[in-house]
There are 2 protein chains.
Amino acid sequence: MENQLTGNVLVAQSGGPTSVINASLAGVITESLNHDCIEEIYGGLNGIEGILKEQLIDLAEESQQTVRGLRYTPSSALGTCRYKLKSEQDFTRFIDVCKAHNIRFFFYIGGNDSQDTANKIAQHAAAQDYEMRVIGIPKTIDNDLTMTDHCPGYGSVVKYLCATIRELALDHEAMGNHDLVSIVEVMGRDAGWIAAGTSIAKRRNQVDDPPHIILLPEVAFNPEYFLAQVQECLKKNKYCLVVVSEGICDANGNLVAAGEAQDSFGHSQLGGVGEYLQRLVQKSLPGIKARSCKPGHAERAAAHCSSLADSNEAYMAGQAAVKAAVEGNSGVMVALVRGDTDKYSCETTLVDLASVANGVKHFPENWIGEDKISVNYQFNKYILPLLQGEVAVPYENGMPAYVRLDKNEVPKKLS
Amino acid sequence: MENQLTGNVLVAQSGGPTSVINASLAGVITESLNHDCIEEIYGGLNGIEGILKEQLIDLAEESQQTVRGLRYTPSSALGTCRYKLKSEQDFTRFIDVCKAHNIRFFFYIGGNDSQDTANKIAQHAAAQDYEMRVIGIPKTIDNDLTMTDHCPGYGSVVKYLCATIRELALDHEAMGNHDLVSIVEVMGRDAGWIAAGTSIAKRRNQVDDPPHIILLPEVAFNPEYFLAQVQECLKKNKYCLVVVSEGICDANGNLVAAGEAQDSFGHSQLGGVGEYLQRLVQKSLPGIKARSCKPGHAERAAAHCSSLADSNEAYMAGQAAVKAAVEGNSGVMVALVRGDTDKYSCETTLVDLASVANGVKHFPENWIGEDKISVNYQFNKYILPLLQGEVAVPYENGMPAYVRLDKNEVPKKLS
């Protein structure tokens, strides 16, 4: 039941990379090969920023090996950007590039800012009577997109952090003597999904297992309460493992550790809250040792420990986007829907881009424990399936052998 | 050719844990079962600190599954300590515990401080005419023990960091626009082996691959030179990836980022040099973004990405220690010897504990590049074999399923 429109595909990636965003790209490429109405498969370099410069590559020229390799290779193989289409001129130029290359199917893999961009592109194409189907593909480690059960990229970052926390736990268990506070700073600007996710690292029926304290951006940070909870924990346990979201704020809504810089979307550049808490403990609790670690950007790229469920769903989302476009949809994002039986299943559906754009799905208040430093079993049920299975990464010379695209450029047609 | 002495084994772990120190423990346990002169196999909890309190467990009671699991479980399963035997009283007590439990073979798995401790225990036993064979088993991620080609634990930390750097590289490559400085703070108090090791993450024949700048404790840190090198790198590359050893010092030998606390051996507690460099770049190079990450203690426990070569050698070192003791040796440490052919091979030998104790093997000056921020091909040849192969870690519920000892206590015999 293909709704007849013939032309070329353009796919691009946007925002912060993840361990599985390339799996979505692989899904788009392989599914595109299944449809006669799709002629060429182009990739836009560095998101819309490169597309404005007409930097397109021919993805059909990439080897099968490389496309397969995208399923375990982290980061955005096409390059990415944090650029926002600002002016009418930008949008006109974007549509001009699409027209010049007969782009009839545009896929944008990204987070909420990127879905907003895709939405506006769809609107501008329509306003210009240029028939082009625009489909968003969700991606974000932050898991904060609305209208989807979860986001590709999230399960993998949590899986990696949980492995890390279990390992740190063994380390601290061996060293600790009721005098060690270990702080792990994790990403999560606005929503605490990542920090909360690490709670699943607790072994079943081991309430005293780490992480002992989880600090979410959804809960106002109170230093006195925090220090009291640390001391309480050290009475029972050899060490106290704290997971802190980079975006925690005080009662007035001010970031606990705000950097000075802002990115091009006006977001504060965060960092340093782990070392801040480390100093707070050292200063306030004499005789207690404090340590901090910060996987930083490594956590969103740690494909050597990514979730197979996550990778497969990212791939499926890419495939679903192509199918949706071919069937005539536009102005929509692929969303993930969880089955309602006890056995986990996941399917895709389509939601309006407008309803996703710029929304933020906060961590649900009723999943936060009464003590405000833990999460409850409802969340555990939500997160556990997203971590299942291990992506097999080939190693060469003792290191992961990730792939890079050949990036054969498509000749420019515009000035 | 067993030199007749019959009695019990006591094995303990000391100092900072590693990803493979339990593999050495597994080697001691399994090899001990091969010798009739060994009756009981005891583990000392928390190193010498627990042994002084007569906290011994019966390792023969642990299941075969658990002992096998030690080969992929990070950290010190017996617990560890940083305690130093200080007084004559301490040593007398230690020998009394050994006598009470007929310990005739004592194995201490640890770094240079621990080899010093083992050496003194051997001397005190001899002074008291108590026949007990004392063998050191090398362990340290720092790779700074003298008299051994390399140390179990080192290859795994480098393998994990190299995977991380390759992943960060892909992330930055996608994001970078000649304006990103990414700093990775790694462990290494006195010697730059770990920081240097990450150089192997460069792909072959890709001189511009990261890490672009490696800061070793062996080279005095000069902020002006560092910033100039960063700028030079950003001219050629989309980003500049810096690996910095926690222990770098200025020209006067002062730690660039010294904490206030010291551990019980008088070592400064380090940390924060990554964020220091991040702020230095932000302050000094307007328009340049700086990020830092710090795997921290997670790097020495990251068994989900440990080296099979390293794990196997750690196991072999444990086995070799038992064989050496049974054959009549004492006051020695098992050392690793590299074969002299092109194909890598590794055997064990024995070296005097006295010659290892408290020595530090610095990173060789002639392996440091002329620019002082790189290492040369001789080092690459040294490090590459140590990273080979991947330890298969079983996963359960999406997370590594590490083992814990049952720890059945041996009844106390002393007051």
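Up top you'll find the structure we're talking about.
Described below are features of the structure shown in this document.

### What to know about the sheet that holds strand E8 (residues 239–245) of chain A
Residue and element names in this part refer to chain A. With parallel pairing, the four strands of this open sheet are ordered in space as E7-E8-E6-E11. The outermost strands of the open sheet, each flanked by one partner alone, are strand E7 (213–215) and strand E11 (289–293). Strand-to-strand twist in this sheet, taken as the mean axis angle between neighbours without regard to direction, amounts to 20°. Relative to E8, E7 is paired through three bridges, and the arrangement is parallel. Across the sheet, Ile214 pairs through a bridge with Val243, a residue of E8. Of the strands in this sheet, strand E6 (180–186), E8 and E11 are in contact with helix H9 (residues 273–284), which crosses E11 at around 180°.

### Quick look at the sheet that holds strand E1 (residues 7–13) of chain A
Residue and element names in this part refer to chain A. Spatial strand order, E3-E2-E1-E4-E5-E12-E13: seven strands in an open sheet with mixed pairing. Single-partner strands in this sheet number two, and they are strand E3 (56–58) and strand E13 (346–352). Taken pair by pair, the neighbouring strands of this sheet meet at an average axis angle of 30°, ignoring direction. Summarising the sheet, strand E4 (residues 103–110) and strand E5 (residues 133–138) pair through six bridges and their orientation is parallel. Across the sheet, residue Gly110 finds its bridge partner in E5, namely Pro138. Sheet contacts for helix H1 (residues 21–32): E1, strand E2 (38–44), E4 and E5; angle to E1, the most-contacted strand, approximately 175°. Running over the sheet, helix H5 (residues 112–127) touches E4, E5 and strand E12 (332–338) and is turned about 160° from E4.

### Structural notes on the interface of chain B and chain A
Tallying the contact residues gives 48 residues for chain B and 48 residues for chain A. Elements that contribute at least two residues to the side of chain B that touches chain A include exactly helix H6 (154–175), strand E11 (289–293) and strand E15 (399–400) of chain B. With 12 residues, the single largest contributor to the side of chain B that touches chain A is H6(B). Tallied by class, the residues present in the side of chain B that touches chain A amount to 23 nonpolar, 14 polar and 11 charged.

### With respect to the packing of helix H4 (residues 88–100) of chain B against helix H5 (residues 112–127) of chain B
Two quantities define a packed helix pair, namely the angle between the helix axes and the distance between the axes. Residues and elements named next belong to chain B. One way to put it is that H4 packs onto H5 with a least axis distance of 10 Å and a crossing angle of 75°. The angle between the axes of H4 and H5 places the two elements in the roughly perpendicular class. Between H4 and H5, the contacting residues are Phe91, Phe94 and Ile95 on the first element and Lys120, Ile121, His124 and Ala125 on the second.

### Focus on the packing of H1(A) against helix H10 (residues 308–326) of chain A
Residue and element names in this part refer to chain A. Packing of H1 against H10 leaves a shortest axis separation of 7 Å and a crossing angle of 40°. As summarised for this structure, H1 and H10 are arranged oblique, according to the angle between their axes. Judged by the twist between their axes, the crossing of H1 over H10 is right-handed. Between H1 and H10, the residues in contact are Ile21, Ala23, Ser24, Leu25, Ala26, Gly27, Val28, Glu31 and Ser32 and Ser311, Ala314, Tyr315, Met316, Ala317, Gly318, Gln319, Ala321, Val322 and Lys323, respectively. Here the residues of the contact of H1 with H10 sort into 11 nonpolar, six polar and two charged.

### Re the relation of the copies chain B and chain A
Once chain B has been moved 0.0 Å along the axis and rotated by 180°, it coincides with chain A to within an RMSD of 0.0 Å. Here the transformation between the copies is reduced to the relation of a two-fold axis. Most of the interface of chain B is mirrored in chain A, where 100% of its interface residues are also at the interface.

### Focus: helix H9 (residues 273–284) of chain B
Here H9(B) contains 12 residues, and its C-alpha end-to-end distance of 16 Å stays within 8% of the 16 Å for a straight helix at 1.5 Å per residue. Where H9(B) is concerned, the buried positions are Val273(B), Gly274(B), Glu275(B), Leu277(B), Gln278(B) and Val281(B).

### Some details on the nonpolar core
Judged by nonpolar contacts, the single largest core of 272 residues is most densely connected at Phe107(A), Val242(A), Ala321(A), Phe107(B), Val242(B) and Ala321(B). Not counting chain neighbours up to four residues away, the residues in contact with Val242(A) comprise Val181(A), Ser182(A), Ile183(A), Val184(A), Pro211(A), His212(A), Ile213(A), Leu215(A) and Leu277(A).

So, how was this worked out
- Residues numbered from 1 in each chain as written.
- Chains lettered and ligands numbered in written order.
- Predicted model: local features only at pLDDT ≥ 70, side-chain atom pairs only at ≥ 80, totals over all residues.
- Pairing = 2+ DSSP bridges.
- Helix = DSSP H or I, 4+ residues; strand = E, 2+ residues; numbered from the N terminus.
- Axes fitted to C-alpha atoms, helices over the stretch in contact; angles between N-to-C directions.
- Contact = placed C-beta atoms within 7 Å.
- Nonpolar A, V, L, I, M, F, W, Y, C, P; charged D, E, K, R; others polar.
- Parallel < 35°, antiparallel > 145°, perpendicular 65-115°, else oblique.
- Left-handed = near helix turned anticlockwise from the far one by under 90°.
- Least-squares fit on C-alpha atoms with pLDDT ≥ 70 in both.
- Expected span 1.5 Å × (residues − 1).
- Buried ≥ 20, exposed ≤ 12 C-beta atoms within 10 Å, placed from the backbone.
- Core = buried A, V, L, I, M, F, W, Y, C linked by C-beta atoms within 7 Å.

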